[in-house]
Amino acid sequence: MNRVIQTIALIFLGCCSNVIFLELIVRPYPGSGNIITFAQFLFIAIEGFINYYKWGSAKRNVPIKDYMIMVVMFFLVSVINNYALNFNIPMPLHMIFRSGSLIANLILGMIILKKRYSLRQILAVVLITFGIILATYASSQSLNKQKAANNIKIDEQKPDFFRWIIGISMLIFALLVSALMGIYQETLYAKWGKHPEEALFYSHLLPLPLFGSVGKDIYHHAHLFNQSTWLPIFANVGIPIMWAYLFCNVVTQYFCIRSVFILTTECPSLVVTLVITLRKFVSLIFSIIYFQNDFTLNHWIGTASVFLGTFLFSDIHNEIYRYLTKPKIDHIE
């Protein structure tokens, strides 16, 4: 039980603080998604090579060819989700959108795995869909109001609006690929068993060569980071502040994703869903308050709808009720 509590605490600490450092980076440098993703993959791959793979001596449980499909999908989802921030996607909308992965899972599950869902689950999907659409619409209105406040003409808003549409399209694509990856992982684990540390290692190691396609962009932003404000550490020693933010983002991402992988082996999926949902909600609220992001009534309604739908889909409320009302067994001394 202590391990579970520690893991949940690390999820909240790691994932929530990761969002903070991510926003600290993308606000001044909105095109830095590729260098952030590359740094995260590189760090987790090196850590896995040392601690899991034991410098190359550990035996692999799943054939490398079976990991390749998952790796390509994982790489696409990670890169596209971060790169979408370049297209006028506010961080709150980004988090809300990624919270709606149940929709894609339901649709692809019905098509590919021939699953059937209850009325409760379908209602949950409707709530989540409504929340995402409302939040998306509210963000588009906020963008227009912001441009109008700066006295920008209507015809000058079009490029920004089209960039925003591209960003939304990227998030939709990443959502579908993420759901497809979840289905593929389900079939992979059913065939070879669950090996979370191995999956974490290979899913970050194998995509590293693919970053060569965005190498120029990574180098460009590394140069920009070198020119950022100097952060003194002690005496005359210091580093550019963006590199400090990136380091903190990478470390917190490691604790975040590793803790989620561990929790999936320690708890039922319903508990994992509850923890991740609450973590996203806390991250969202903190982002709004600390960074003063524009968040209207429609954003709040959309957010509530997404999280309510997630709880309804997971049936966590009935699980909690059954836990609280189950008869207690008295211990006999």
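Rules used in this analysis
- Residues numbered from 1 in each chain as written.
- Predicted model: local features only at pLDDT ≥ 70, side-chain atom pairs only at ≥ 80, totals over all residues.
- Heavy atoms only, no water.
- Helix = DSSP H or I, 4+ residues; strand = E, 2+ residues; numbered from the N terminus.
- Buried < 20%, exposed > 50% of the residue type's maximum accessible area, 1.4 Å probe, protein only.
- Contact = heavy atoms within 4.5 Å.
- Areas by Shrake-Rupley, 256 points an atom, 1.4 Å probe, with all protein chains shown as cover.
- Expected span 1.5 Å × (residues − 1).
- Arc of directions from axis to C-beta.
- pLDDT = per-residue confidence, 0-100.
- Salt bridge = Lys/Arg side-chain N within 4 Å of Asp/Glu carboxyl O.
- Disulfide = S-S within 2.5 Å.
- Phe/Tyr/Trp six-rings, centres within 6.5 Å; stacked < 30°, edge-to-face > 60°.
- Pairing = 2+ DSSP bridges.
- Axes fitted to C-alpha atoms, helices over the stretch in contact; angles between N-to-C directions.
- Left-handed = near helix turned anticlockwise from the far one by under 90°.
- Nonpolar A, V, L, I, M, F, W, Y, C, P; charged D, E, K, R; others polar.
- Core = buried A, V, L, I, M, F, W, Y, C linked by side-chain atoms within 4.5 Å.
- Polar contact = N/O pair within 3.5 Å; in protein donor to acceptor, adjacent residues only side chain to side chain.

## Some remarks on the overall build of the protein chain
No. 1: If you tally the helices and strands in the protein chain, you get 13 helices and 2 strands.
No. 2: When the 333 residues of the protein chain are sorted by exposure, 47% land in the buried category.
No. 3: Within the protein chain, residue pairs in contact and separated by at least 24 positions form 83% of the contacts whose partners lie at least 6 positions apart.
No. 4: Accessible area of the protein chain: about 18,100 Å², with a carbon and sulfur share of 67%.

## Observations regarding helix H9 (residues 215–226)
No. 1: Counted at 1.5 Å a residue, the expected span for H9 with its 12 residues is 16 Å, and the 17 Å between its end C-alpha atoms agrees.
No. 2: Among the residues making up H9, those that are buried are Ile218, His221, Ala222 and Phe225. Buried residues in H9, looked at end-on, bunch into an arc of 110°, giving them a common side. Summarising the geometry of H9, the exposed residues directed more than 90 degrees from the buried face are Lys216 and Tyr219.
No. 3: In this fold, the buried residues of H9 make contact with helix H1 (2–26), helix H2 (33–51), strand S2 (237–240) and helix H10 (241–266).

## Some details on the confidence of the model for the protein chain
No. 1: Of all residues in the protein chain, 80% attain a pLDDT of 70 or more, and the chain-wide mean is 78.
No. 2: When the elements of the protein chain are averaged for pLDDT, helix H13 (residues 316–325) gives the smallest value, 62, and H9 the largest, 93.
No. 3: Long-range and interchain partners of residues 153–159, a stretch whose pLDDT sits below 50, account for 4 contacts in this model, where long-range means more than four residues apart.

## Some details on the pattern of salt bridges
Once the charged atoms of two side chains with opposite charge are near each other, the side chains can pair.
No. 1: Per the counting criterion, the structure on display carries 2 salt bridges.
No. 2: A salt bridge links Glu23 to Arg27, with the nearest nitrogen and oxygen atoms 3.2 Å apart.
No. 3: Since its relative accessible area comes to 2%, Glu23 is described here as buried.
No. 4: Measuring nitrogen to oxygen at the nearest pair gives 3.3 Å for the salt bridge that ties Glu197 to Arg258. Of this pair, Glu197 sits in helix H8 (residues 196–205) while Arg258 sits in helix H10, and the two are 61 residues apart along the sequence.
No. 5: Take Glu197: its relative accessible area is 38%, and that puts it in the partly exposed class.

## Quick notes on the state of the cysteines
No. 1: Counted by the stated rule, this structure contains 1 disulfide.
No. 2: Sulfur of Cys16: no disulfide; nearest cysteine sulfur belongs to Cys15 and is 6.8 Å away.

## With respect to the packing of aromatic side chains
No. 1: As enumerated under the stated definition, the model contains 17 aromatic pairs in all.
No. 2: Centre to centre, the rings of Tyr53 and Phe201 are 5.3 Å apart; their planes meet at 25°, and the pair counts as stacked. Of the two residues, Tyr53 sits in the loop between H2 and helix H3 (64–83) while Phe201 sits in helix H8, which places them 148 residues apart along the sequence. Considered together, Tyr53 and Phe201 belong to a single accessibility category, that of buried residues.
No. 3: By the ring-pair criterion, three or more aromatic residues cluster together here, those being Phe49, Tyr52, Tyr53, Trp55, Tyr67, Phe201 and Tyr202.

## Brief notes about H8
No. 1: In terms of residue burial, H8 counts as a mostly covered element, since 7 of its 10 residues are buried.
No. 2: Here H8 has its buried residues at Glu198, Ala199, Leu200, Phe201, Tyr202, Ser203 and His204.

## Description of the pairing of strand S1 (residues 230–234)
Regular strands place their side chains on alternate faces of the sheet.
No. 1: Counting buried residues along S1, only 0 of its 5 residues qualify, which leaves the element largely exposed.
No. 2: As paired strands, S1 and S2 are joined by 4 bridges and run antiparallel to one another. Pairing of Leu231 across the sheet is with Ile239, part of S2.
No. 3: If you look at the hairpin formed by S1 and S2, you'll find 2 residues sitting between the two strands, and Ala235 has a positive phi there, around 55°.

## Considering the packing of H3 against H8
No. 1: Between H3 and H8, the least distance of the axes is 9 Å, while the angle of their chain directions is 65°. Here H3 and H8 pass one another in a crossing that is right-handed. Along its contact with H3, which presents Ile64, Tyr67, Met70, Val71 and Phe74, the element H8 presents Glu198, Ala199, Tyr202, Ser203 and His204.
No. 2: Considered class by class, the residues forming the contact of H3 with H8 number 7 nonpolar, 2 polar and 1 charged.

## Quick notes on the nonpolar core
No. 1: Ile36, Tyr67, Met70, Phe211, Phe225 and Leu246 are the most contacted members of the largest nonpolar core, which has 41 residues in total.
No. 2: Elements with a minimum of two residues in this core: H1, H2, H3, helix H7 (154–192), H8, H9 and H10.
No. 3: Counting residues per element, this core draws most heavily on H3, which supplies 8 residues.
No. 4: Look past the residues within four positions of Ile36 in its chain and what remains in contact with it is Leu22, Ile25, Val26, Asn82, Leu246 and Asn249.

## With respect to the side chain of Asn249
No. 1: Residue placement: Asn249 occurs in helix H10.
No. 2: Asn249 gets classed as buried once you look at its relative accessible area, which sits at 0%.
No. 3: Contacts of Asn249, omitting those with residues within four sequence positions, involve Asn18, Phe21, Leu22, Ile25, Ile36 and Gln40.

## Regarding the side chain of His204
No. 1: The residue His204 is located in helix H8 in this model.
No. 2: Here His204 falls in the buried class, since its relative accessible area comes to 2%.
No. 3: One polar contact links the side chain of His204 to the main-chain carbonyl oxygen of Leu200, over a distance of 2.8 Å.
No. 4: Within the local environment of His204, its side chain forms a polar contact with the side chain of Ser203, the two groups lying 3.3 Å apart.
No. 5: Other than its neighbours up to four places away in sequence, His204 contacts Gln40, Phe41, Ile44, Ala45, Phe74 and Ile257.

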